[in-house]
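# Structural characterization, general
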Amino acid sequence: DEVAFAYNLKNERGNWLKIYRPHAGKEDKWKSSIPFIEMHGVGNISGKCDIGIITKSIKEGAWLNKYITSCVEIVQAEDYTAITEENKKRLLDGCKELYISFDSDPKGVSSCVELTKEMGCKYINPPKELLKYGVTDWTDMCRHYDSPTPVIEYFNSKGINNKLT
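An account of the accompanying structure is given in this report.

Quick notes on the rules
- Residues numbered from 1 in each chain as written.
- Predicted model: local features only at pLDDT ≥ 70, side-chain atom pairs only at ≥ 80, totals over all residues.
- Heavy atoms only, no water.
- 1 Å grid on protein atoms, 1.4 Å probe; cavity = no way out; pocket = protein on both sides within 12 Å on 5 of 7 lines; lining within 4 Å.
- Points joined across faces, edges and corners; volume = space filled by probe spheres on them.
- Helix = DSSP H or I, 4+ residues; strand = E, 2+ residues; numbered from the N terminus.
- Nonpolar A, V, L, I, M, F, W, Y, C, P; charged D, E, K, R; others polar.
- Disulfide = S-S within 2.5 Å.
- Buried < 20%, exposed > 50% of the residue type's maximum accessible area, 1.4 Å probe, protein only.
- Salt bridge = Lys/Arg side-chain N within 4 Å of Asp/Glu carboxyl O.
- Contact = heavy atoms within 4.5 Å.
- Pairing = 2+ DSSP bridges.
- Axes fitted to C-alpha atoms, helices over the stretch in contact; angles between N-to-C directions.
- Phe/Tyr/Trp six-rings, centres within 6.5 Å; stacked < 30°, edge-to-face > 60°.
- Lys NZ or Arg CZ within 6 Å of the ring centre and 35° of its normal.

This brings us to the layout of surface pockets. In this model, the largest pocket occupies a volume close to 720 Å³. Elements that contribute at least two residues to the lining of the largest pocket include exactly strand S1 (5-11), strand S2 (14-20), strand S3 (30-32) and helix H1 (58-67). Examining the composition of the lining of the largest pocket, we find that three residues originate from one element, S3, more than from any other. The class makeup of the residues in the lining of the largest pocket is nine nonpolar, four polar and seven charged.

A separate point is the state of the cysteines. Per the counting criterion, the structure on display carries one disulfide. Cysteine 49 shares a disulfide with cysteine 71; S-S distance 2.1 Å. Its torsion about the S-S bond being -90°, the disulfide of cysteine 49 and cysteine 71 is classed as left-handed. Placement of cysteine 49 in strand S4 (residues 49-55) and of cysteine 71 in the loop between H1 and strand S5 (72-74) is noted, with a sequence separation of 22 residues between them. On the basis of relative accessible area, cysteine 71 is assigned to the buried category, the value being 0%. In this structure cysteine 112 is not part of a disulfide, and its nearest cysteine sulfur, from cysteine 121, lies 8.7 Å away. Here cysteine 112 falls in the buried class, since its relative accessible area comes to 0%.

Our focus in this paragraph is the pattern of salt bridges. Applying the stated criterion across every chain yields a total of 14 salt bridges. Between aspartate 103 and lysine 56 there is a salt bridge whose closest N-O contact spans 3.0 Å. With aspartate 103 in the loop between strand S6 (95-101) and helix H3 (106-119) and lysine 56 in the loop between S4 and H1, this residue pair connects regions lying 47 residues apart in the sequence. Bridged by salt links that share partners, the residues Lys56, Lys59, Asp103 and Asp137 form one connected network.

Here the focus is the environment of isoleucine 19. Along the polypeptide, isoleucine 19 turns up in strand S2. The spatial distance from the C-alpha of isoleucine 19 to the C-alpha of isoleucine 54 is 21 Å, given a sequence separation of 35 residues. Not counting chain neighbours up to four residues away, the residues in contact with isoleucine 19 comprise Ala4, Phe5, Ala6, Lys29, Trp30 and Lys31.

This part takes up the sheet that holds S3. Reading across from one edge, S1-S2-S3 is the order of the three strands in this open sheet, with antiparallel pairing throughout. At either end of the open sheet lies a strand with only one pairing partner, and these are S1 and S3. Averaged over all pairs of adjacent strands, the angle between their axes in this sheet comes to 15°, without regard to strand direction.

Below, the discussion takes up the packing of aromatic side chains. Counting across every chain of the model gives five aromatic pairs. Geometrically, the ring pair formed by tryptophan 63 and tyrosine 67 is tilted, given 4.7 Å between the ring centres and 40° between the ring planes. Residue tryptophan 63 and its partner tyrosine 67 are both found in helix H1; the two are separated by four residues, about one turn of the helix. On the basis of relative accessible area, tryptophan 63 is assigned to the buried category, the value being 8%. Taken together, the ring pairs connect Phe5, Tyr20 and Trp30 into an aromatic cluster. The aromatic ring of tryptophan 30 is capped on one face by lysine 18, whose charged end is 5.1 Å from the ring centroid.

By themselves, these are just geometric observations and shouldn't be taken as functional.
In structure tokens:
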């Protein structure tokens, strides 16, 4: 009698399952057999990308892919150790400009700052002033404004043009 969402990640590196239980307690909300350093969408950021974005959830990755760029890859956690040295090199070599896009809360921002310093890339998160409305990511921002347009305009204002690849 419980709502749960299951994601299956199957590729040449493995076959894993991630389960999200939105009404469970913090300790039981997420269960996963996916290795911490496994990325979703490996290869989406390749030599064809002007702009590449690394984000932290399938939901955010899908939104970014639909409205901003198809050059999106997803990490398992907002943590600099979630990206291997091999993947860092591959991602940096795969696009002209690489952005990290995690939540705009303190944990997300500190992880973005740490990665951008280490990798020499940039980060883009929703405006911090929206935190007071509970907006921490792009889908929250879209829901807050009841439209994707303000989010797309925000990316455009930062020089990241809509569906630029």
